[in-house]
Amino acid sequence: MGFRLDLLFFLSIALLSSYVVADLAVTKVDRRIDLTSHIVRITSTVKVENDGDDHVSTFLVAFPDHQAKHLAFLSASQNEGRGKTKGPRASLSIEASQPEGMPSALSFYSITLPKGLANGETFTLDIFAVFAHILKPFPEQVTQGDFQLVLFQDSAYYLSPYTVKTQTLTVKLPDARIESYTKLEKSKVQGSELKYGPYENQPPFSYTPIVVHYEFRKPLAVAQRLVREIEISHWGNVQITEHYNIIHGGAHLKGEFSRLDYQVNPQAKGASAFSRLVAKLPPMVRSMYYRDEIGNISTSRVWGDSKKTEVEIEPRYPLFGGWKTFFTFGYSLPLKDYLFQSEGKRFLNISFGIPIDELLIEELIVKVVLPEGSKDISVSVPFPVEQWQETKLSHLDIVGRPVVALRKTNAVPEHNQHFQVYYRFNSLSLLREPLMLILGFFFLFVACIVYTHTDLSISKSSPSYLAKLQWDEVQAVVQQLENIVNRRLMIYDKLEVSLRDLSRTGNIQACKTARKTADSLLKELSKELKPLLTFLQSSPQAARFFSKVDELVAKERELQEKLIAKHSIVVDCYEKKLNGREIENRIALHQQKITALRQEVDDLVEFIEGI
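Note that this is a predicted model, so its numbers are computed, not measured.

1. Thoughts on the overall build of the protein chain
Looking only at helices and strands, the protein chain has eight helices and 30 strands in total. The C-alpha atoms of the protein chain give 47 Å as radius of gyration, which overshoots the globular expectation for 611 residues (25 Å, by more than 25%). Within the span of the protein chain, comprising 611 residues, buried residues form 43% of the whole. Residue pairs at least 24 apart in sequence account for 77% of intrachain contacts in the protein chain once pairs closer than 6 positions are excluded. With the model as given, the accessible surface of the protein chain reaches about 32500 Å², and the carbon-plus-sulfur share is 53%. With 72 positive and 71 negative side-chain charges, the protein chain shows a separation of 5 Å between the mean positions of the two kinds.

Dropping the structure here:
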């Protein structure tokens, strides 16, 4: 209500203004407000007439401040009338303006007419305005199963600094589900449309507020920040990478979210949410990917024909009001369709916006990465943007690639127009990276050849080299000693086997033969072991572990004595034909000692292996 009172106050002042707007009159206005999307579009067909004596070449358009701050796009063109051939129409020049004596609560734009209007002449133009964030969720919070309702506010009368003789207003809604709307004289509902008027002879700055409260089931998808990187490769492709930060801009979810309820009935238990976005790409697109911080997202679907390729992007979870998602979408396009040459320069001709339908972007940053060595760079964009340049380092770069960065706030689908980036590039620079690779591999092979033919070993007279040689010799001796010990242990195992065979067959002679063979082998191994012990005892390198080696030899010899004694007792008992129990009683103490010694010997051998 405060806004309405302030506006009426300022409008009352404007009526006293003596500004020269009285030279023009609006003879007819047809306004069409499209509320089928959360991006609101208003098209006004305005017929103006000069009923003054002065020549007039500009036309003023006014917006109240509560609309002007949400204005994302504004264009004007000449209306050719019905039945005329439709084609590209030249846009009329538009500039922000604040004429003297006009209400400060209004924002004005001046449209330059293609030719001045003399007294009695008329001109018809189409004014197209796009607004962002002008729909307000009401209520601001809904439960998981509630449908979303939004409010839209405007005026039933065309707000203008000129007298308006005849006017109509049509409000197109997504469907016929209307919660409420402002009822005025000459207002009616026809299906999914609200109609106001015709109203006649309204003075300047006439304003009658209307509010429409209706059900809105479409996605309120808003990209809070979107970075679109377009990288040019003269080897044949344009790589596009888009980083999305998307939020559901509708009524926030009240209460808890139930994944089970949503899975069972997503239409009823996810009425205010959206779970997919559709991107429309050129038919020759390739190498598409869709991922987030976790990794690749496999819930996208692609289909297309000779005219287009459509990608259905499905986030990992449905988005309710206030929920966010982050993801990266990338693809490649053929270079020949987007890079051209003119007057010695190359230029990229590509769309500024993104391929996703009806996505409002609060901050859009477009970065065009040019090949290294590009110079004399210029940009042509059909609407105002912030612009700067930076540098990107990539593989095989020396000084980096020049990057043209463009920033646009409140970007809407109407900004998805082609823009051009001009630059000069020497074709010989294409050979830089292949030559770098060739030279790199060449020098690598040369380095390998030099390395293989160069003696990089330490000097043979240095103390460290001599110490290494001595340690290698000690390790070799320890390895031989370990082998000998293991062979002796194997002989002991064979003696144990001969005793088991004796108990099974009673063949005393075979057991004595095994004993004689073992004695012979042990004697030979003892001779081999003696010089190794002498070397280790005299080597400073072996001083820190020789005590363990000496202990191992002593334990092993003691084990040998116990085994030989056990073997002699068992053979003697069999010769005397003693029974098994008497034999076990005679060797019981020896067997206990043998078991303990064998464990100690195995532990010491394991220690020696660590050396």
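2. Describing unusual backbone geometry
Cis peptide bonds are those with omega within 30 degrees of zero, and the linkage from Phe138 to Pro139 qualifies with 5°. Note on placement: Pro139 falls in the loop between β8 (136-137) and β9 (141-142). Cis peptide bonds are those with omega within 30 degrees of zero, and the linkage from Gly197 to Pro198 qualifies with 10°. Within the secondary structure, Pro198 sits in strand β14 (residues 193-202). Positive phi outside glycine occurs at Ser287, with the angle close to 55°. With respect to the secondary-structure elements, Ser287 resides in strand β20 (residues 286-291). Judged by its relative accessible area of 52%, Ser287 is exposed.

3. Concerning the pairing of strand β23 (residues 324-334)
Of all 11 residues in β23, nine are buried, a share of seventy percent or more. In the sheet, strand β17 (residues 237-248) pairs with β23 via 11 bridges, with the strands oriented antiparallel. Bridge pairing in β23 links Ile247 to Lys324. Judged from the four bridges that link them, β20 and β23 form a sheet pairing that is antiparallel. Bridge pairing links Tyr289 to Gly330 in β23.

4. Focus: the UniProt feature "transmembrane region" (unreviewed entry) in the protein chain
As annotated by UniProt and renumbered to match this structure, "transmembrane region" (unreviewed entry) occupies residues 434-452. Secondary structure content for residues 434-452 is 100% helix and 0% strand, and the end C-alpha separation is 27 Å.

5. Focus: a nonpolar patch on the surface
On the surface, Leu439, Phe442, Phe443, Val446 and Val450 cluster together to form a nonpolar patch covering roughly 480 Å² of accessible area. We classify Phe442 as partly exposed; its relative accessible area is 48%.

6. Let's talk about the pattern of salt bridges
Two side chains that carry opposite charge are able to pair once their charged atoms sit near each other. Going through the model one piece at a time under the given rule, you end up with 36 salt bridges. Between Asp154 and Arg31 there is a salt bridge, with its nearest N and O atoms 3.5 Å apart. In this pair, Asp154 sits in strand β10 (residues 149-155) while Arg31 sits in strand β1 (residues 24-34), placing the two residues 123 residues apart along the sequence. Here the two residues Asp154 and Arg31 agree in accessibility, since each one is buried. For Arg301, the salt bridge is made with Glu312, and the minimal N-O distance between the two is 2.3 Å. Within this pair, whereas Arg301 is found in strand β21 (residues 301-304), its partner Glu312 is found in strand β22 (residues 309-313), the two being separated by 11 residues in sequence. Relative accessible area serves as the criterion here: at 39%, Arg301 is assigned to the partly exposed category. Judged by relative accessible area, Glu312 falls into the buried class, the value being 12%.

7. Overview of the side chain of Asn245
Structurally, the position occupied by Asn245 is in strand β17. Leaving out residues up to four positions away in the same chain, Asn245 has contacts with Val222, Ala223, Gln224, Arg225, Thr325 and Phe326.

8. As for the domain arrangement of the protein chain
Per the domain assignment, the segments of the protein chain are domain 1 (24-81 + 91-215), domain 2 (221-430) and domain 3 (463-610). Spacing between the C-alpha centres of domain 1 and domain 2 amounts to 32 Å. Across the boundary between the two partners, domain 1 contributes 21 residues, which contact 30 residues of domain 2. Run the count over domain 1 and domain 2 and you get two salt bridges. Broken down by class, the residue content of the side of domain 1 that touches domain 2 amounts to 10 nonpolar, eight polar and three charged.

9. Things to note about the pairing of β17
The element β17 is extensively covered by neighbouring structure, given that nine of its 12 residues are classed as buried. Pairing between strand β16 (residues 221-233) and β17: 12 bridges, direction antiparallel. The residue bridging Ser233 from the neighbouring strand is Asn237, located in β17. Hairpin remark: β16 followed by β17, antiparallel, with three residues in the connecting loop; positive phi at Gly236, about 130°.

10. Structural notes on helix α6 (residues 508-538)
With 31 residues, α6 should cover 45 Å at 1.5 Å per step; its first-to-last C-alpha distance of 45 Å lies within 8% of that length. Residues Ile508, Cys511, Ala518, Leu522, Leu525, Leu529, Leu532, Leu533 and Leu536 constitute the buried set of α6. Among the structural elements, α5 (463-505) and α7 (546-575) are those in contact with the buried residues of α6. The backbone nitrogen of Gln509 has a side-chain oxygen 3.3 Å away, supplied by the residue at the start of α6, namely Asn507.

11. With respect to empty space enclosed by the protein
Considering all chains together, one arrives at two cavities of 30 Å³ or more under this definition. In this structure, the largest cavity encloses a volume near 190 Å³. In terms of lining residues, the largest cavity is bounded by 17 residues, among which Arg31, Ala62, Phe63, Gln67 and Tyr158 are the most central. Counting only elements with at least two residues in the lining of the largest cavity, the list comes to β2 (40-50), β3 (56-64), β7 (122-131) and β10. When residues of the lining of the largest cavity are assigned to their parent elements, the largest contribution, four residues, is made by β3. Across the lining of the largest cavity, the residue classes tally to 12 nonpolar, three polar and two charged. Of the volumes computed, that of the second largest cavity is approximately 30 Å³. Considering the residues around the second largest cavity, the lining is formed by Leu495, Glu496, Leu499, Leu563 and His567. Put simply, the parts of the chain that give the lining of the second largest cavity at least two residues each are α5 and α7. Broken down by element, the residue count for the lining of the second largest cavity peaks at three residues, all from α5. Of the residues assigned to the lining of the second largest cavity, the class counts are three nonpolar, one polar and one charged.

What counts, and at which threshold
- Residues numbered from 1 in each chain as written.
- Predicted model: local features only at pLDDT ≥ 70, side-chain atom pairs only at ≥ 80, totals over all residues.
- Heavy atoms only, no water.
- Helix = DSSP H or I, 4+ residues; strand = E, 2+ residues; numbered from the N terminus.
- Rg over C-alpha atoms; globule rule 2.2 N^0.38 Å.
- Buried < 20%, exposed > 50% of the residue type's maximum accessible area, 1.4 Å probe, protein only.
- Contact = heavy atoms within 4.5 Å.
- Areas by Shrake-Rupley, 256 points an atom, 1.4 Å probe, with all protein chains shown as cover.
- Lys, Arg positive; Asp, Glu negative; His and termini not counted.
- Charge placed at Lys NZ, Arg CZ, Asp CG, Glu CD.
- Pairing = 2+ DSSP bridges.
- UniProt positions renumbered as here; feature names shortened; annotations may be inferred.
- Patch = residues over 30% accessible without salt bridge, like charges linked within 9 Å, V, L, I, M, F, W, Y side chains within 5 Å.
- Salt bridge = Lys/Arg side-chain N within 4 Å of Asp/Glu carboxyl O.
- Domains from an automatic or database assignment.
- Nonpolar A, V, L, I, M, F, W, Y, C, P; charged D, E, K, R; others polar.
- Expected span 1.5 Å × (residues − 1).
- Polar contact = N/O pair within 3.5 Å; in protein donor to acceptor, adjacent residues only side chain to side chain.
- 1 Å grid on protein atoms, 1.4 Å probe; cavity = no way out; pocket = protein on both sides within 12 Å on 5 of 7 lines; lining within 4 Å.
- Points joined across faces, edges and corners; volume = space filled by probe spheres on them.

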